[in-house]
Amino acid sequence: MKKYMSLVLFAHSIFALPFAIIGFFLAIHTTDYQFEWKLFLLMLVCMVTARNAAMAFNRYLDRDIDALNPRTAVRDIPAGRISPKQALLFTIINCIVFMVACYFINFMCFVLSPIALFVILFYSYMKRISPLCHIVLGVGLGLAPVGAYLAVTGEFNIVPIFYGLAVLTWVSGFDIIYALQDEEFDKANGLNSIPANFGGKTALRISEVLHVLSFIFVLLPVLYMPVGTLYYLGVAFYAALLIYQHRIVSPTDLSRVDRAFMTTNGIASVVFAVFYLLDIWIK
């Protein structure tokens with residue numbers, strides 16, 4: 001189990017999971033539906049298994065590329081800790097569990113589950129096709145708050161879509177920052193990424209634009225639902241951390257990319273979710 005959690009970088013679930021929880025409690029707070037532990041746990045199962053499938057398939061598909069890149073050669077498949085067959089089987093099992101969990105949630109989630117799986121698995125091919133790979137990754141994680149809202153209501157709503165767009169632009173932006181580390185490798189091996197196609201300086205500008213859009217999207221829900229001071233504090237904290245990660249990374253200094261990628265973004269999502277939940281709890 002420890003090897004498989006390493007394969008899928010389970011700790012990185014911290015990125016989209018808080019927004020899934022926001023989507024779930026948004027539905028509880030703004031509709032007549034009541035909280036149910038069974039439904040909440042099924043939603044968490046969907047989150048974990050979808051992400052496990054996406055990450056394991058990515059590691060399976062990229063195993064030969066990862067072996068060539070000194071930065072990624074230590075990953076579990078090229079390092080020999082997990083075989084490609086095991087990674088593929090792990091992907092399939094998680095896909096099946098995801099669809100079964102969707103079946104027990106509601107008909108809408110079950111019908112849409114193959115589409116969700118297609119999006120999150122297709123990302124693994126995108127770096128071979130287009131520099132829009134970062135956007136596709138963002139779309140995959142951006143499904144989290146929308147899917148969690150659907151799990152409760154079986155219906156779409158504009159507010160969780162705003163949160164989905166916030167995640168899309170946020171994740172796409174920080175994935176571009178992360179990809180700066182492989183700019184030269186991607187160029188040499190014919191792989192598409194925004195840094196490889198446009199250079200580090202332009203890539204950071206694109207990332208900044210995406211993060212400005214993310215800030216706008218977390219603010220837009222205030223036009224559609226009542227919020228208190230704590231919500232605005234959460235938005236301010238979220239914006240401050242987006243700005244901070246751009247202050248500590250430059251095309252000529254990538255020494256703090258890990259801090260920008262994992263620590264800063266993990267804190268941003270968790271703190272924003274906490275402020276959101278506290279805001280609705282005190283009402």
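Conventions we followed
Residues numbered from 1 in each chain as written. Predicted model: local features only at pLDDT ≥ 70, side-chain atom pairs only at ≥ 80, totals over all residues. Heavy atoms only, no water. Helix = DSSP H or I, 4+ residues; strand = E, 2+ residues; numbered from the N terminus. Rg over C-alpha atoms; globule rule 2.2 N^0.38 Å. Buried < 20%, exposed > 50% of the residue type's maximum accessible area, 1.4 Å probe, protein only. Contact = heavy atoms within 4.5 Å. Lys, Arg positive; Asp, Glu negative; His and termini not counted. Charge placed at Lys NZ, Arg CZ, Asp CG, Glu CD. Expected span 1.5 Å × (residues − 1). Phe/Tyr/Trp six-rings, centres within 6.5 Å; stacked < 30°, edge-to-face > 60°. Lys NZ or Arg CZ within 6 Å of the ring centre and 35° of its normal. Disulfide = S-S within 2.5 Å. Salt bridge = Lys/Arg side-chain N within 4 Å of Asp/Glu carboxyl O. Axes fitted to C-alpha atoms, helices over the stretch in contact; angles between N-to-C directions. Parallel < 35°, antiparallel > 145°, perpendicular 65-115°, else oblique. Left-handed = near helix turned anticlockwise from the far one by under 90°. Nonpolar A, V, L, I, M, F, W, Y, C, P; charged D, E, K, R; others polar. Core = buried A, V, L, I, M, F, W, Y, C linked by side-chain atoms within 4.5 Å. Polar contact = N/O pair within 3.5 Å; in protein donor to acceptor, adjacent residues only side chain to side chain.

> An account of the overall build of the chain is requested, with residue identities and associated values reported.
Broken down by element type, the chain carries 13 helices and zero strands. Ordered by position from N to C terminus, the α and β elements of the chain give α-α-α-α-α-α-α-α-α-α-α-α-α. Since a compact globule built from 283 residues should have a radius of gyration of about 19 Å, the 19 Å found for the chain is in line with a globular shape. By its C-alpha atoms, the chain is 55 × 40 × 30 Å across when sized along the principal axes. The burial tally for the chain puts 53% of its 283 residues in the buried class. When contacts within the chain are restricted to residue pairs at least 6 apart in sequence, long-range pairs at least 24 apart make up 73% of them. The chain carries 19 positive and 16 negative side-chain charges, and their two centres are separated by 5 Å.

> Please give an account of helix H7 (residues 133-153) that cites residues and values.
For H7, which comprises 21 residues, the first-to-last C-alpha distance of 31 Å matches the rise-based estimate of 30 Å (1.5 Å per residue) to within 8%. Downstream of H7 by a residue or two, glycine 154 has a phi angle that is positive, lying close to 75°.

> So what's going on with the packing of aromatic side chains? Residues and values would help.
Going through the model one piece at a time under the given rule, you end up with 26 aromatic pairs. Plain terms: the ring middles of phenylalanine 19 and tryptophan 170 are 5.7 Å apart, the flat faces sit at 45° to each other, and that makes the pair tilted. Remark: tryptophan 170 occurs in helix H8 (residues 158-179) and phenylalanine 19 occurs in helix H2 (residues 17-30); sequence separation between them is 151 residues. Of the two residues examined, phenylalanine 19 and tryptophan 170, each falls in the buried class. Site record: aromatic cluster; members linked through ring pairs are Phe19, Tyr163, Trp170, Phe174, Tyr231, Tyr232, Tyr238, Phe272 and Tyr276. Over the ring of tyrosine 60 we find arginine 63, and its NZ or CZ is 4.3 Å from the ring centre.

> Report on the state of the cysteines, specifying residues and quantitative values.
One pass over the full model with this rule turns up zero disulfides. Sulfur of cysteine 46: no disulfide; nearest cysteine sulfur belongs to cysteine 102 and is 3.7 Å away.

> Can you explain the pattern of salt bridges? Please cite residues and give values.
With the rule as written, the count across this model stands at eight salt bridges. The salt bridge partner of arginine 128 is aspartate 62, with a shortest N-O separation of 3.0 Å. Residue arginine 128 is located in the loop between helix H6 (107-126) and H7, and its partner aspartate 62 is located in the loop between helix H3 (37-61) and helix H4 (63-68); the two are separated by 66 residues in the primary sequence. Under the relative-accessibility criterion, arginine 128 is labelled partly exposed at 34%. With a closest N to O distance of 3.8 Å, glutamate 184 and lysine 187 form a salt bridge. Placement of the pair is glutamate 184 and lysine 187 together in helix H9 (residues 183-188), with a separation of three residues, close to one helical turn.

> Tell me about the environment of alanine 239, and please be specific about residues and values.
Here alanine 239 shows up in helix H12 (residues 229-247). Residue classification places alanine 239 among the buried positions, given a relative accessible area of 15%. Sequence separation of alanine 239 and aspartate 64 is 175 residues, and the distance between their C-alpha atoms is 38 Å.

> So what's going on with the packing of H3 against H6? Residues and values would help.
At a closest axis distance of 9 Å, the pairing of H3 and H6 adopts a crossing angle of 20°. By the angle between their directions, the pair H3 and H6 is classed as roughly parallel. In the packing of H3 onto H6, the handedness of the crossing is right-handed. Of the residues in H6, those touching H3 at Ala50, Ala53, Ala54, Phe57, Asn58 and Leu61 are Ile120, Leu121, Tyr123, Ser124 and Tyr125. Taken together, the residues of the contact of H3 with H6 break down into nine nonpolar, two polar and no charged.

> Just give me the short version of the nonpolar core, but keep the residues and values in it.
Ranked by size, the top nonpolar core spans 65 residues in total, and within it Tyr163, Trp170 and Phe272 carry the most contacts. For this core, the leading source of residues is H3, giving 12 residues. One finds Ile194, Ala203, Leu210 and Val257 within the second-largest nonpolar core, a separate group that totals 11 residues.

> How would you sum up the environment of isoleucine 120? Please name residues and give values.
Note that isoleucine 120 resides in helix H6. When the C-alpha atoms of isoleucine 120 and alanine 50 are compared, they prove to be 7.7 Å apart, with 70 residues separating the residues in sequence. Those residues in contact with isoleucine 120 that lie beyond four places of it in its chain are Ala50, Ala54 and Gly140.

> An account of the side chain of asparagine 58 is requested, with residue identities and associated values reported.
By the element assignment, asparagine 58 lies in helix H3. Here serine 124 takes part through its side chain, which lies 3.4 Å from a polar atom of the side chain of asparagine 58. Ignoring anything within four residues of it in the chain, the contact list for asparagine 58 reads Tyr123 and Ser124.

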